[in-house]
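This is what each chain is made of:
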Amino acid sequence: MAPESFHTGRATVESDFYAFGVLILEILCGRRLGHQCEVNNYNNSIVDWVWVWENYRMDRLTFVVDSRINEDADMEQIKNVLVLGLACCHPNPYERPSMKTALQVLTGEAEPPKVPVEKPAFMWPVLAPPRELDCSLSGGQLTRTTEFSGR
């Protein structure tokens with residue numbers, strides 16, 4: 001479940017994308033949620049696996065790919081889909097990609113979204129990215145007004 005679901009008590013498009021990201025990671029890593037290696041007994045979230053983020057940070061994302069995936073598979077495409085999975089699992093729902101972006105990445109029409117090299121922390125309440133409201137000339141200088149708003 002998406003982290004915000006515990007606070008809001010409802011499913012959203014963004015929480016569905018979080019689940020989609022988990023599904024991507026489960027398939028490509030070959031591990032189901034809650035069935036990690038014995039070394040990681042205290043953690044039951046695939047997204048919190050430090051080694052996925054660690055390998056992403058060190059540009060070794062192919063190390064997390066399930067060994068049962070065909071050797072002839074396009075590893076560049078698999079890396080792009082893994083990054084898409086990490087992007088979908090971003091703790092901030094406003095930072096998750098749109099369906100359009102996800103489809104473009106899956107079809108090879110676009111690069112995956114930018115993902116921080118370190119796993120971002122979940123913060124509540126979640127802040128929406130600033131939205132530009134108005135640009136006006138004030139005292140001879142261009143002044144930008146922004147507003148933070150929720151959904």
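The structure we're discussing is the one just above.
In this report, we go over the structure that sits alongside the text.

Here is what the cut-offs are and how they apply
- Residues numbered from 1 in each chain as written.
- Predicted model: local features only at pLDDT ≥ 70, side-chain atom pairs only at ≥ 80, totals over all residues.
- Heavy atoms only, no water.
- Helix = DSSP H or I, 4+ residues; strand = E, 2+ residues; numbered from the N terminus.
- Buried < 20%, exposed > 50% of the residue type's maximum accessible area, 1.4 Å probe, protein only.
- Contact = heavy atoms within 4.5 Å.
- Areas by Shrake-Rupley, 256 points an atom, 1.4 Å probe, with all protein chains shown as cover.
- Axes fitted to C-alpha atoms, helices over the stretch in contact; angles between N-to-C directions.
- Parallel < 35°, antiparallel > 145°, perpendicular 65-115°, else oblique.
- Left-handed = near helix turned anticlockwise from the far one by under 90°.
- Nonpolar A, V, L, I, M, F, W, Y, C, P; charged D, E, K, R; others polar.
- Patch = residues over 30% accessible without salt bridge, like charges linked within 9 Å, V, L, I, M, F, W, Y side chains within 5 Å.
- Salt bridge = Lys/Arg side-chain N within 4 Å of Asp/Glu carboxyl O.
- Core = buried A, V, L, I, M, F, W, Y, C linked by side-chain atoms within 4.5 Å.
- Phe/Tyr/Trp six-rings, centres within 6.5 Å; stacked < 30°, edge-to-face > 60°.

### Comments concerning the overall build of the protein
- In terms of helices and strands, the protein carries five helices and two strands.
- Along the protein, helices (α) and strands (β) appear in the sequence α-α-α-α-α-β-β when read from the amino end.
- Going through the 151 residues of the protein one by one, you find that 34% of them count as buried.
- Put simply, 55% of the contacts in the protein that link residues at least 6 apart link residues at least 24 apart.
- As presented, the protein carries roughly 9,900 Å² of accessible surface, and 53% of it is formed by carbon and sulfur atoms.

### A few points about the packing of helix H4 (residues 75-88) against helix H5 (residues 99-106)
- One way to put it is that H4 packs onto H5 with a least axis distance of 10 Å and a crossing angle of 165°. Considering their axes alone, H4 and H5 lie roughly antiparallel with respect to each other. In this structure, H4 meets H5 at a crossing whose hand is left-handed. Where H4 approaches H5, its residues Gln77, Asn80, Val81 and Leu84 are matched on the opposing element by Ala102, Val105 and Leu106.
- Looking at the contact of H4 with H5, its residues break down into five nonpolar, two polar and no charged.

### Remarks on a nonpolar patch on the surface
- A cluster of nonpolar side chains, namely Met99, Leu103 and Leu106, defines an oily patch on the protein surface of about 270 Å² accessible area.
- Along the polypeptide, Leu106 turns up in helix H5.
- Owing to a relative accessible area of 34%, Leu106 belongs among the partly exposed residues under this scheme.

### So, the nonpolar core
- In terms of nonpolar packing, the biggest core is built from 26 residues, with Leu82, Leu86 and Val115 touching the most fellow members.
- Of all elements in the fold, only helix H2 (13-29), helix H3 (50-57), H4 and H5 reach the threshold of two or more residues within this core.
- If you tally residues by element for this core, the top one is H4, at eight residues.
- Residues in contact with Leu82, not counting those within four places in the same chain, are Leu25, Leu28, Cys29, Leu61, Val64 and Val65.

### Observations regarding the packing of aromatic side chains
- Tallied over the entire structure, the rule returns one aromatic pair.
- Look at Phe17 and Phe20: their rings are 6.3 Å apart centre to centre, the planes differ by 70°, and that puts the pair in the edge-to-face class. With Phe17 and Phe20 both in helix H2, this residue pair falls three residues apart, about one helical turn.
- Given a relative accessible area of 7%, Phe17 falls into the buried group.

### Looking at the packing of H2 against H4
- Between H2 and H4, whose axes approach to 7 Å, the crossing angle comes to 145°. Once H2 is placed against H4, the crossing between them reads as left-handed. Of the residues in H4, those touching H2 at Phe17, Tyr18, Phe20, Gly21, Ile24, Leu25, Leu28 and Cys29 are Ile78, Val81, Leu82, Leu84, Gly85, Leu86 and Cys88.
- Of the residues contributing to the contact of H2 with H4, the split by class is 13 nonpolar, two polar and no charged.

### As for the pattern of salt bridges
- Enumeration according to the criterion identifies three salt bridges in this entry.
- The salt bridge involving Arg68 is made with Asp66; its shortest N-O contact spans 2.8 Å.
- Overall, the relative accessible area of 65% leaves Arg68 in the exposed class.
- A salt bridge links Lys79 to Glu76; the shortest N-O distance between them is 3.7 Å. Separated by three residues within a single helix, Lys79 and Glu76 lie in helix H4, roughly one turn from each other.
- Lys79 sits in the partly exposed class, given a relative accessible area of 23%.
- Exposure remark for Glu76: the relative accessible area of 45% places this residue in the partly exposed category.

From the geometry alone we can't say anything about function, so treat these as descriptive.
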